[in-house]
Amino acid sequence: MWGGRFAAGPASVMREINASIPFDKRLSQQDIAGSKAHVAMLGQQGIVSAEDAATISAGLDRVAAEYAANGVPVDLDLEDIHMVTESRLAELIGPVAGRLHTARSRNDQVATDLRLWVRDAIDQVEAGLAALQSALLTRAEDHADAVMPGFTHLQSAQPVTLGHHLMAYHAMIGRDRSRFADARVRMNECPLGAAALAGTGFPIDRHATAVALGFDRPTGNSLDSVSDRDFALDYLMAATQCSLHLSRLAEEFVIWASQPFGFVKLPDAYSTGSSIMPQKRNPDAAELVRGHAGRIAGCMTALVITMKGLPLAYSKDMQDDKPPVFEAHDLLGLSIAAMTGMIETVTFRTDRMRALAESGYATATDLADWLVREANVPFREAHHITGRAVKLAEDRGLQLADLPLADLQDIDARITDGLYAVLTVDASVASRRSHGGTAPDQVRARIAEARAKEHAA
């Protein structure tokens, strides 16, 4: 490959460290597509003959068929997917294969290949997240009025509905989808034709290759074109935030599946047993999703650190851009599929959720709100009165709704028996009718809005 510049071959360690074919073989489809677009443009522009362009294109189809049938051969001497493909092309069609690399460099070639791969990856993630959102909507609709405790600091705070809780994750995943969509729009410019770093003197048509590969336009600066990996970082940062959301949901399932909570029963398909304790039912799928978030964040950090000090234009460090992107994508895909499967098949123990919602003084805020609304008590004073009532209930081992009216009136004479109507968990959730609140009619309204968007997409 190096022609006459070097008198000797690389040292064995150089051969090992320099080769990227063990991982960049994943770019084979994109490499073939980019090469076909490039040679078609070369033929249209008269840079190579129409006959040679057709021969090269047909040869690339044969290489692609071999890859599909047998996989990509790993030859460290050929370094990367670009040279493996070009070498096999030359074996199939002879010296004319050497014309393929006219007016391009491996620098713009790999930048194009990786953009194409990341664009495909975003489309795959989008499909997976859409399925996860749909599953969340279905289960939220099933449980729009199922009461459960809402938590702050993992302490019982106020009653909410399970449907409302699940719709919170639907909202998070919606933001994840928007981040991936934004990244896709931003990255959809084609580096092909930037060559090594300065462009080329050949009369190429970069707009033609951009259109052929589904890009919106060619990139505008050849230096930036070959050295930019923002698109990969955008993908990894979106993947990291998405994995954090999946991890939070997974953590809820881990907690909820424990015996002290007992809110869910995870299906056999997403649970494992113990090698020594026959009673165990471990939420391993959820725990692995939670663990994958750390690895995905690590992939993002790895590429950030790789890129942080690189001068223009291409440096060999950038060869290490691909493994973290590939690893993060694989892990994210597994995590999305696992969480979607769990959401679709988990059994929610709504009786247990209601029982815990009815304990822990979760309707204390409703008592304070009633004092403000019905007795015209300033909220801070109402908060103090309610705190005294909670303490009395704790001392007696009662719930707020079980305290006698006379005892409540000893705390504050403005309390009447009308208070008891707001102290049930059903009354509490039904009262939270502000936009985005937990009242079942509000939850169903948000579900209807989400369904409408889903059907319009």
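Below: a short report on this structure. (Residues numbered from 1 in each chain as written. Predicted model: local features only at pLDDT ≥ 70, side-chain atom pairs only at ≥ 80, totals over all residues. Heavy atoms only, no water.)

**Topic: the overall build of the chain**
- Check the secondary structure of the chain and you find 18 helices and six strands.
- Compactness check: the chain gives a C-alpha radius of gyration of 30 Å against a globular reference of 23 Å for 457 residues, more than 25% above the reference.
- When its C-alpha atoms are laid out on the principal axes, the chain stretches across 100 × 50 × 40 Å.
- Taking all 457 residues of the chain together, the buried fraction comes to 48%.
- Relative to all contacts within the chain whose residues are 6 or more apart in sequence, the contacts with residues 24 or more apart total 75%. (Helix = DSSP H or I, 4+ residues; strand = E, 2+ residues; numbered from the N terminus. Rg over C-alpha atoms; globule rule 2.2 N^0.38 Å. Buried < 20%, exposed > 50% of the residue type's maximum accessible area, 1.4 Å probe, protein only. Contact = heavy atoms within 4.5 Å.)

**With respect to a nonpolar patch on the surface**
- A cluster of nonpolar side chains, contributed by Val-13, Met-14 and Ile-17, occupies part of the molecular surface with about 320 Å² of accessible area.
- Here Ile-17 is to be found in helix α1 (residues 12–18).
- Judged by relative accessible area, which is 63%, Ile-17 ranks as exposed. (Patch = residues over 30% accessible without salt bridge, like charges linked within 9 Å, V, L, I, M, F, W, Y side chains within 5 Å. Areas by Shrake-Rupley, 256 points an atom, 1.4 Å probe, with all protein chains shown as cover. Salt bridge = Lys/Arg side-chain N within 4 Å of Asp/Glu carboxyl O.)

**A look at the pairing of strand β1 (residues 147–152)**
- As defined by bridge partners, β1 adjoins strand β2 (residues 155–161) across six bridges and the pair is classed as antiparallel. Counterpart to Pro-149 in the pairing with β2 is Pro-159.
- Where β1 folds back on β2, the antiparallel hairpin that results is connected by two residues, among which His-153 adopts a positive phi of roughly 55 degrees. (Pairing = 2+ DSSP bridges.)

**As for the pattern of salt bridges**
- One pass over the full model with this rule turns up 33 salt bridges.
- Among the salt bridges present, the one from Arg-446 reaches Glu-449, with a minimum N-O distance of 2.8 Å. Of the two residues, Arg-446 and Glu-449 are both situated in helix α18 (residues 440–456); the distance of three residues between them amounts to about one turn of the helix.
- The class of Glu-449 is partly exposed, set by a relative accessible area of 41%.

**Describing the side chain of Arg-119**
- Relative to the helices and strands, Arg-119 resides in helix α6 (residues 106–142).
- In terms of polar contacts, Arg-119 uses its side chain to reach the side chain of Asn-188, at 2.9 Å.
- With sequence-adjacent residues up to four places away left out, Arg-119 is seen in contact with Arg-184, Met-187, Asn-188, Leu-213, Gly-214 and Phe-215. (Polar contact = N/O pair within 3.5 Å; in protein donor to acceptor, adjacent residues only side chain to side chain.)

**Remarks on the packing of aromatic side chains**
- Summed over the entire model, instances satisfying the criterion amount to six aromatic pairs.
- For the ring pair Phe-180 and Tyr-235, a centre distance of 5.7 Å and an interplane angle of 55 degrees mean the geometry is tilted. Pair noted here: Phe-180 is in helix α7 (residues 162–187) and Tyr-235 is in helix α10 (residues 230–257), with a separation of 55 residues, a long-range link. Both residues of the pair, Phe-180 and Tyr-235, belong to the buried class.
- An aromatic cluster is present here, built from Phe-151, Phe-253, Trp-256, Phe-261 and Phe-263 joined pairwise through their rings.
- Lying over the aromatic face of Phe-326, Arg-26 brings its terminal NZ or CZ to 4.8 Å of the ring centre.
- For the cation-ring pair, Arg-119 lies above Phe-215, with the distance from its terminal atom to the ring centre recorded as 4.7 Å. (Phe/Tyr/Trp six-rings, centres within 6.5 Å; stacked < 30°, edge-to-face > 60°. Lys NZ or Arg CZ within 6 Å of the ring centre and 35° of its normal.)

**Examining unusual backbone geometry**
- Residue Ala-313 is bonded to the preceding Leu-312 through a cis peptide linkage, with omega at 5 degrees.
- You can see Ala-313 is positioned in the loop between α11 (284–307) and α12 (322–345).
- Phi at Ala-195 is positive, roughly 60 degrees, even though this residue is not glycine.
- Within the element layout of this structure, Ala-195 appears in the loop between β3 (189–190) and α8 (206–212).
- On the basis of relative accessible area, Ala-195 is assigned to the buried category, the value being 7%.
- The phi torsion at Asn-376 lies on the positive side, around 60 degrees, for a residue other than glycine.
- As for its position among the elements, Asn-376 is in the loop between α14 (364–375) and α15 (379–396).
- Residue Asn-376 is classed as exposed on the basis of its relative accessible area, which comes to 67%.

**Things to note about the nonpolar core**
- Judged by nonpolar contacts, the single largest core of 93 residues is most densely connected at Phe-180, Tyr-235, Phe-253, Trp-256 and Leu-332.
- Filtering out sequence-adjacent residues up to four positions away, Phe-180 remains in contact with Ile-122, Val-125, Leu-129, Tyr-235, Ala-238, Ala-239, Cys-242 and Leu-332.
- Counting 22 residues, the second largest nonpolar core, distinct from the first, contains Ala-368, Trp-370, Ala-382 and Leu-423. (Core = buried A, V, L, I, M, F, W, Y, C linked by side-chain atoms within 4.5 Å.)

**What to know about the environment of Ala-50**
- Inspection of the secondary structure assignment puts Ala-50 in helix α4 (residues 50–70).
- Along the sequence, Ala-50 and Ala-40 sit 10 residues apart, while their C-alpha atoms lie 8.5 Å from each other.

**Quick notes on the packing of α11 against α12**
- Two numbers describe how α11 lies on α12: the axes approach to 9 Å, and their chain directions differ by 155 degrees. Put simply, α11 runs roughly antiparallel to α12. The two elements α11 and α12 meet at a crossing, and its hand is left-handed. Counted together, Ala-285, Ala-286, Val-289, His-292, Arg-295, Ile-296, Cys-299 and Leu-303 of α11 and Pro-324, Val-325, Glu-327, Ala-328, Leu-331, Leu-332, Leu-334, Ser-335, Ala-338, Met-339 and Met-342 of α12 form the full contact between these two elements.
- In terms of residue class, the contact of α11 with α12 is built from 15 nonpolar, two polar and two charged. (Axes fitted to C-alpha atoms, helices over the stretch in contact; angles between N-to-C directions. Parallel < 35°, antiparallel > 145°, perpendicular 65-115°, else oblique. Left-handed = near helix turned anticlockwise from the far one by under 90°. Nonpolar A, V, L, I, M, F, W, Y, C, P; charged D, E, K, R; others polar.)

**What about the side chain of Thr-386?**
- Within the element layout of this structure, Thr-386 appears in helix α15.
- If we ignore the near neighbours within four places in the chain, the residues touching Thr-386 are Ala-364, Leu-367, Ala-368 and Leu-371.

Spatial relationships are all this shows, so hold off on functional conclusions.
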